Amino acid sequence: MSVIAVVAIGAPDDEVLASVEPAVAGAFGREVRRLEPLAEPSGSLDAARGQWNAPEMLKTLLAARPASAERILGVTGRDLFIPVLSFVFGQAQMDGPTAVISLARLSQAFSGLPEDRPLLLQRARKEALHELGHTFGLVHCPDAACPMSLSTGVVQVDRKGEAFCASCAALVRERTPVAMPPEGRTR
Ligand SMILES: [Zn+2]
Ligand SMILES: [Zn+2]
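Everything numeric in this text was worked out from a predicted model, so none of it was measured. (Residues numbered from 1 in each chain as written. Chains lettered and ligands numbered in written order. Predicted model: local features only at pLDDT ≥ 70, side-chain atom pairs only at ≥ 80, totals over all residues. Heavy atoms only, no water.)

> Any chance you could explain the coordination of the zinc ion (ligand 1) here in plain terms?
Tetrahedral coordination by four donors puts the ideal angle at the metal at 109.5 degrees, and octahedral coordination by six puts it at 90 or 180 degrees. Protein-derived coordination of the zinc ion (ligand 1) comes from H130 (NE2), H134 (NE2) and H140 (NE2), at a distance range of 2.0 to 2.1 Å. Linear spacing of the donor residues for the zinc ion (ligand 1) on their chain is H-x3-H-x5-H. (Donors = N, O, S within 2.8 Å, 3.2 Å for Na, K, Ca; no water.)

In structure tokens, the structure reads:
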């Protein structure tokens, strides 16, 4: 079975990883395997912004991807940016092997509110599906309830559901290798 590797960049949040992994496995029909945490790439911190460079994180993930893994998803607690945007919840290579999500702004604590772990886990699952969706060639979806809809804030994240709409789900299936041949199945 095709494998999606999941890896923490920096200090891991095991509860988030344990919540994201089955969601990814279910949405993409892949086996999910967790790798040993990666160090934050040196040079990815923009000291002036106090944020971390998402494309640099993707480069690190690309280098860390095992040959056996079709995709790799990084999960970081650091606040990410790309040079043209003030922040991003995540970043992915369109049709490529790497994606990263940031938990920083998905946390209620970022807005000065009491932390809400179930809400953080739910948001992390949605953004993991969103970014990995891009790696399978999915673009932003006009359906506000679909995880592939664009989120520029947590309000939009919370409006989304955790299941791809029918057309996004069909695209994912097109990108899914056919199941094992019958002789490879166990009873
Ligand atoms: Zn997107
Ligand atoms: Zn959709």
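> Before we go on, may I ask you to explain the layout of surface pockets in this structure?
To find leftover empty space, a probe the size of one water molecule is rolled over the atoms. Quantified by volume, the largest pocket comes out at close to 280 Å³. Forming the walls of the largest pocket are 16 residues, and the residues nearest its centre are V88, G90, E131, L150 and S151. Within the residue set of the lining of the largest pocket, elements represented by two or more residues are β7 (90-92) and α3 (117-135). Looking at the lining of the largest pocket, the element that brings in the most residues is α3, giving four residues. Tallied by class, residues from the lining of the largest pocket come to seven nonpolar, seven polar and two charged. (1 Å grid on protein atoms, 1.4 Å probe; cavity = no way out; pocket = protein on both sides within 12 Å on 5 of 7 lines; lining within 4 Å. Points joined across faces, edges and corners; volume = space filled by probe spheres on them. Helix = DSSP H or I, 4+ residues; strand = E, 2+ residues; numbered from the N terminus. Nonpolar A, V, L, I, M, F, W, Y, C, P; charged D, E, K, R; others polar.)

> Looking at this structure, how should I read the coordination of the zinc ion (ligand 2)?
Surrounding the zinc ion (ligand 2) are the protein donor atoms C141 (SG), C146 (SG), C165 (SG) and C168 (SG), which sit 2.3 to 2.4 Å from the metal. Around the zinc ion (ligand 2) sit four donor atoms; with metal-centred angles ranging over 105 to 114 degrees, the donor geometry is tetrahedral. (Tetrahedral: all angles 85-135°; square planar, octahedral: opposite > 155°, others 65-115°.)

> What is the right way to look at unusual backbone geometry in this model?
Comment: phi is negative for the bulk of residues other than glycine, and the bulk of peptide bonds are trans. Within the chain, D95 stands out as a residue other than glycine whose phi angle is a positive 60 degrees. Relative to the helices and strands, D95 resides in the loop between β7 and β8 (98-102).

> What am I meant to see in the pairing of β8 here?
Regular strands place side chains that alternate from one sheet face to the opposite one. Here β8 lies mainly inside the structure; five of its five residues are buried. Of the two faces of β8, the one holding T98, V100 and S102 and the one holding A99 and I101 are both buried throughout. As paired elements, strand β5 (residues 69-76) and β8 share five bridges and run parallel to each other. By the bridge assignment for β8, I72 is matched with T98. Looking at chain direction, β7 and β8 are connected through three bridges and run antiparallel. What sits directly across from Q91, in β8, is V100. Where β7 folds back onto β8 in an antiparallel hairpin, the turn is made up of five residues, including D95, whose phi is positive at roughly 60 degrees. (Buried < 20%, exposed > 50% of the residue type's maximum accessible area, 1.4 Å probe, protein only. Pairing = 2+ DSSP bridges.)

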